[in-house]
Amino acid sequence: MRIVILPKENLAEFIGHLRSFGELHAPTKRGEKSLVFAPVSDLSEIELNYTRTILPLKKYFFKATDVMFNFCAEKGYELPVEEADKKYVIFGVHPCEIHGLKILDLVFGGKYVDTYYFARRSKVAIIGLDCIPDDLCFCRSTGTDFVDTGFDLFLSDIGDSYLVRVGTSLGDDMVRAADSLFRQVKKEDREAYKRNSVQRRDSFQAEIQLQDLPGIMDLEYESHVWEEVGEKCLSCGICSMVCPTCYCYSVFDELSLDGNTGQRKRIWDSCLFKDYALVAGGHNFRAQRSSRVKNRYFHKQRGFVSQYGRPSCVGCGRCKAYCPAGIDIVEVISKLRSEIRV
Amino acid sequence: MGKPKVGVYGLTGCAGDQLVILNCEEELLDIAGALDIKSFPMAMSGGDENCPLDIVFVDGTVVQPKDEEMLKNLRERAKLLIAIGTCAVWGGVAAMSNETPREELKNKVYGPAGQVFDTVVPQPLSSFVKVDLAISGCPIEKEQLLQAVASLLHGDLPRLPNYSVCTECKMSEYPCLLVEKGQLCLGPITVAGCKARCPSYGRPCIGCRGPVEEANVSSEVRLLREKGFTWVDIQNRLRTFAAPADCFEDKILKEGANA
Ligand code: SF4
Ligand code: SF4
Ligand code: SF4
Ligand code: SF4
C-alpha cells in the first residue's frame, strides 16, 4: 500500500482538489450538538474532530425512502431515472463506518444483488479519517477500529501532518492530482503513527466481550433481561434508523389518483415495530416488545454470525447515544453474560 | 366500479380536516374527477343529504347530542366511514378535560350562555359507530388523504405508518430534542405521518397525531420524570389531543409517574 504524508497546512487545498472528483460531503454541524454528513464547500464547514453523525453512510446508498420503479397499467413498469453519472466524495469517514459499509456490501451483494444500492455505491469515493473514541464507542471490541480496505484514501492524524494510506487507484489519482501537497514518509512519521495508534487503542472506555457470545445468547434466550429491556423500550425505531448495519426495509405501492399509475417504493423498516412480524391472517410472530428487542440483539450478535461469520454490530455507539430510553447495548450484553457466570 | 359516491361532513370541531381537502389545490380536479361528491356542506350547497354513499369522510368530535344523531345517520348511509383528524379519531382537544363534570366545564367556558345548549362528554367516533379507517392528524396530512383516496379507488385501504414520529425524525436526521436538549418531546409515543414536522423546526412533538399503537406511555413518563419534568407538565402534555385513548388512562399514567 502506498503511504504519503499530507502536512496539515495543506489540507484545505487538498480538500479543494477533492472537489474536482465529485460533490464533496463531510461531517458538519446540525443544530447545537449534532453532526451529519452533508454537502460542504470547504474545510471551514468540516468538523474534523467529530465522533459520530446522527445517520451513518447507509443513507447515501440505501435511502430512507426510495422509488424502485414506476408502473402503469398499459405500459408495465420502468426504472426511475437516476441522476446522470454524478460522482461524490465523502470525506472524514471513520473506521467503524467503513466496516458498516463493508457489511452492507455483503448483505446487498449476496445472491440477489441490490442494484439500487450498488449503482450509488460505485459513484462514491470514501476518504477515511481516524478518530478518538468517546465513552460510547466499542469498535475495538467488535474488531472494527481499524481498516485495511474499503477506502480510497485514509488519513491518520500524526500531529502536524496526516499519514495518508492510498487504498485504490482512484485514491492514487487523487494524490497525484495534488502531488505538490504531499511529501514522502519519514522515520519520525512512522513512529508518530505507531505512538498515536497505541494511544488511541488505550483510550477505549466501553467494551463488550464477543467471545462465545452467540452461544451465550442461545443459553439466555429466556433471560429476564429481555423483559426488563422490553419494558423500557419505546419501539420508537431510532436504534434501527441510526444503525450502520440495520438494513431492513418494507416495500409498498403508492397509487395515483388516475387509478392507472403509481410507484413501487421502499422505506426503512425495523424489527422493533409492532407490524414487522405480522403476517396474513393477523398472527404476529413477535407481538411482545421484549421479543422484538431480543430479536434486534439476536440478529446482530447471533443470526448474522451464523450467516456471515461475524456479528454485524460495528460498535459505533449510536444506538445508545440516540435511544430516548437510554438502553445501552454494552450493558445489556454484559448483563446477559453475567447471567451465566453465576 | 363507477365513481364512488362520497360525502364529507363535520361534527363539532374546527373543520380543519375538511379544509385540508379543499386545500389540495393541485389535486382538486383529480379528486373531483375520481369521486362523485354528493354532499360537502362546508364547500357546496344543495348536496344530497339522503342518498346512500360509498364513502363518508367525517371530521370533528361528538360533543353535542345532534352530533351523535348525525354520525349514526351517516353510518347508515355509507358503506365506508372514514374518521379524519385527531378529533374524530381520538376526541381531540374537546376531550382534554373529560374528567371534569360537564356543567362545571360549560359554566367555566361559556358562563350563562352555556345554558342554551346541551353537550355530552366528548368522545371519538369509534365510541359510537364502526369506523372503517382512521386518518389522524391535527390537521390531517394531505399526502395521507390523497393516498387514502387513491387506495380506496382500487378497492383497498391505504397503508398508514404504524410507528412513531421518532422514526421519521431520524429518517430526516433531525437532532433529537429529547436526548440532546432534554425537552418534553412526545415523538416516541406519537404516531408518524407528519414527517416529524415539529422537530424539523426545532420544536418538540406535542402529540397532535395521537398515540402510536402499543405506545409505551409508562416508559415515556418515567424518562420525562428522570429529566426533571413535573407530573403536572407531563400529564397536561399527554392529555392534550387524545385523552380518551386507553394508553392515557389514569392508571397507566400513575404507573409511570410512580416508577
Ligand atoms: S432506540 Fe431505544 S427505545 Fe427506541 S426502539 Fe431502540 S431500544 Fe427501543
Ligand atoms: S448495534 Fe448499535 S453500536 Fe452496533 S453498529 Fe448498530 S448502532 Fe452501532
Ligand atoms: S426530537 Fe422528538 S421525535 Fe425526534 S427523535 Fe427526539 S424524541 Fe423522537
Ligand atoms: S411533530 Fe408531533 S405535534 Fe408536530 S405535527 Fe407531528 S405529531 Fe403533530
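Placed above this text is the structure.
Residues numbered from 1 in each chain as written. Chains lettered and ligands numbered in written order. Predicted model: local features only at pLDDT ≥ 70, side-chain atom pairs only at ≥ 80, totals over all residues. Heavy atoms only, no water.

Considerations on the overall build of chain A
1) Next: From N to C terminus, chain A includes twelve helices and eleven strands.
2) Next: Taking 20 Å as the expected radius of gyration for a compact globule of 342 residues, we find that chain A reaches 22 Å, a close match to that expectation.
3) Next: By its C-alpha atoms, chain A is 65 × 65 × 40 Å across when sized along the principal axes.
4) Next: Each of the 342 residues in chain A was classed as buried or not, and the buried ones make up 54%.
5) Next: Within chain A, counting contacts between residues at least 6 apart in sequence, those at least 24 apart form 73% of the total.
6) Next: Surface exposure of chain A reaches about 15,700 Å², of which carbon and sulfur atoms provide 50%. (Helix = DSSP H or I, 4+ residues; strand = E, 2+ residues; numbered from the N terminus. Rg over C-alpha atoms; globule rule 2.2 N^0.38 Å. Buried < 20%, exposed > 50% of the residue type's maximum accessible area, 1.4 Å probe, protein only. Contact = heavy atoms within 4.5 Å. Areas by Shrake-Rupley, 256 points an atom, 1.4 Å probe, with all protein chains shown as cover.)

Focus: the site of ligand 4
1) Next: Close contacts around ligand 4 come from T190(B), C194(B), R197(B), C198(B), P199(B), C205(B), I206(B), G207(B), C208(B) and R209(B), and that covers them all.
2) Next: Here the residues of the shell around ligand 4 are counted per class, giving six nonpolar, two polar and two charged. (Near = heavy atom within 4 Å. Nonpolar A, V, L, I, M, F, W, Y, C, P; charged D, E, K, R; others polar.)

Considering the sheet that holds strand β5 (residues 133-135) of chain B
Residues and elements named next belong to chain B.
1) Next: Taken together, five strands build an open sheet; the order of strands is β2-β1-β3-β4-β5 and the sheet is parallel. Two strands bound the open sheet, and with one partner strand each, they are β2 (36-39) and β5. For this sheet the average axis-to-axis angle between neighbouring strands, irrespective of direction, equals 25°.
2) Next: Lying on the sheet, helix α3 (residues 65-77) is in contact with β1 (5-10), β3 (53-59) and β4 (78-84); it crosses β4 at an angle near 135°. (Pairing = 2+ DSSP bridges. Axes fitted to C-alpha atoms, helices over the stretch in contact; angles between N-to-C directions.)

Observations concerning the interface of chain B and chain A
1) Next: With 37 residues of chain B at the interface, the matching set in chain A holds 43 residues.
2) Next: Summing both sides of the interface, chain B and chain A together bury roughly 3,200 Å²; the carbon and sulfur share of this comes to 58%.
3) Next: Counting the surface chain B buries against chain A, the share from its top three residues, M171(B), E173(B) and E214(B), is 22%.
4) Next: The tally of links between chain B and chain A comes to five salt bridges.
5) Next: As a salt-bridge pair, E214(B) and R292(A) come within 2.8 Å of each other at their nearest N and O atoms.
6) Next: Where chain B touches chain A, the interface holds 18 residue pairs in polar contact (both at pLDDT 80 or more).
7) Next: Sorting the residues of the side of chain B that touches chain A by element identifies α2 (28-34), α6 (142-153), α7 (165-171), α8 (177-181) and α10 (217-226) of chain B as the ones contributing at least two each.
8) Next: Looking at the side of chain B that touches chain A element by element, the count peaks at six residues for α6(B). (Buried area = accessible area lost by both parts, 1.4 Å probe. Salt bridge = Lys/Arg side-chain N within 4 Å of Asp/Glu carboxyl O. Polar contact = N/O pair within 3.5 Å; in protein donor to acceptor, adjacent residues only side chain to side chain.)

A word on the site of ligand 2
Residues and elements named next belong to chain A.
1) Next: The environment of ligand 2 is made up of 13 residues, and the closest members are C243, C313, V314, C316 and C319.
2) Next: Broken down by secondary-structure element, the contributors of at least two residues to the shell around ligand 2 are α10 (289-308) and α11 (318-321).
3) Next: Here the shell around ligand 2 is built from residues that sort into eight nonpolar, two polar and three charged.

Here we look at unusual backbone geometry
1) Next: With omega at 0°, the peptide bond leading from C138(B) into P139(B) counts as cis.
2) Next: Counting through the fold element by element, P139(B) comes out in the loop between β5 and α6.
3) Next: A positive phi is found at D212(A), a non-glycine position, where the angle reads about 65°.
4) Next: Residue placement: D212(A) occurs in the loop between α6 (187-202) and α7 (213-219).

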